[in-house]
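# Coordinate inspection notes
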Amino acid sequence: MEEKNMLKKPEIIVVAGPNGSGKSTVIQMVNIIQPYINADDIKAALQCTALQAAQKAEKLRNTLINRQMSFTFETVLSTSRNIELLKRARKAGFFIRCIYVLTIDPQINIIRVRVRKAAGGHDVPQDKIISRYKKALAQIPQLLEVCDICHIYDNSDEIPFRIFKKRKDEYFYWEDSFWNKNKIEKLINNKSCEPMKKSL
């Protein structure tokens, strides 16, 4: 009954992760809530600068929170700015669901951004990819605190693989060839030594 009540709340789905991790690929695999707010899409549609697109995206997110309307947005999450937005949304009664997409090495992200650029997509300088990668992963502990549900996917290989799930106060782990349980715990800053739990 408690979970049903929570799901009646307005909901935010945040798709987060470093540049080049494959957020857009994962988005196509899950059910998102419209409207879907992506600064890159706004930039392409309005032919504006990246800063203007980011400002428009932020204004839209805040407007929807003020109106108690559900939505989905994508973010690199390399700063605490959107963490603060999610905290405000949670205080306003929103249910927060996150899909976090990462890789084991920023060099993978660099290669993917190059491929994307060659196909006509937007570019990100190599130094920014590396810097944002480290900053984005460092935000994960704070992100987990504000989310009701959070899934972390490792997209280092061809198919995204879920390595972690938070549901309320429960943590679940799945190891792959890149991430063992110790690495996952360091990632989420969880010091517990519980045995690995299987997928539900």
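Summarised in this report is the structure supplied together with it. The model shown is predicted, which means the values in this text are computed figures rather than measured ones. (Residues numbered from 1 in each chain as written. Predicted model: local features only at pLDDT ≥ 70, side-chain atom pairs only at ≥ 80, totals over all residues. Heavy atoms only, no water.)

## Some thoughts on the nonpolar core
- Membership of the largest hydrophobic core comes to 40 residues, with the highest contact counts inside it found for Ile12, Leu86, Tyr100, Leu102, Ile140, Leu143 and Ile152.
- Those residues in contact with Leu86, other than ones at most four positions away along the chain, are Ile12, Val14, Phe73, Ile96, Leu143 and Val146.
- Counting 7 residues, the second largest nonpolar core, distinct from the first, contains Val26, Ile27, Ile99 and Tyr153. (Core = buried A, V, L, I, M, F, W, Y, C linked by side-chain atoms within 4.5 Å. Buried < 20%, exposed > 50% of the residue type's maximum accessible area, 1.4 Å probe, protein only. Contact = heavy atoms within 4.5 Å.)

## Topic: the packing of helix H3 (residues 39-46) against helix H4 (residues 50-66)
- Where H3 meets H4, the axes come as close as 8 Å, and the angle between the chain directions of the two elements is 120°. Classified by the angle their axes make, H3 and H4 are oblique. Between H3 and H4 lies a crossing of right-handed hand. Of the residues in H4, those in contact with Ala39, Ile42, Lys43 and Leu46 of H3 are Ala50, Ala53, Ala54, Lys56 and Ala57.
- Of the residues that constitute the contact of H3 with H4, the class distribution is 7 nonpolar, no polar and 2 charged. (Axes fitted to C-alpha atoms, helices over the stretch in contact; angles between N-to-C directions. Helix = DSSP H or I, 4+ residues; strand = E, 2+ residues; numbered from the N terminus. Parallel < 35°, antiparallel > 145°, perpendicular 65-115°, else oblique. Left-handed = near helix turned anticlockwise from the far one by under 90°. Nonpolar A, V, L, I, M, F, W, Y, C, P; charged D, E, K, R; others polar.)

## A word on the environment of Gln34
- With respect to the element layout, Gln34 can be found in the loop between helix H2 (23-27) and strand E2 (36-37).
- Using a relative accessible area of 58% as the deciding quantity, one classes Gln34 as exposed.
- For Gln34 and Pro141, which are 107 residues apart along the polypeptide, the C-alpha to C-alpha distance reads 27 Å.
- In terms of polar contacts, Gln34 uses its side chain to reach the backbone amide nitrogen of Tyr36, at 3.1 Å. (Polar contact = N/O pair within 3.5 Å; in protein donor to acceptor, adjacent residues only side chain to side chain.)

## Topic: the sheet that holds strand E3 (residues 71-75)
- Strands sit in the order E2-E3-E1-E4-E5-E6-E7 across an open sheet of 7 strands; the sheet is mixed. The open sheet has two edge strands, E2 and strand E7 (170-173), and neither has a second partner.
- Each of strand E1 (11-16), E3 and strand E4 (95-102) is contacted by helix H5 (residues 81-91), which is oriented at about 160° to E3, the strand it contacts most.
- Running over the sheet, helix H9 (residues 181-188) touches E4, strand E5 (149-154), strand E6 (161-167) and E7 and is turned about 140° from E7. (Pairing = 2+ DSSP bridges.)

Any functional reading would require information that these geometric values do not contain.
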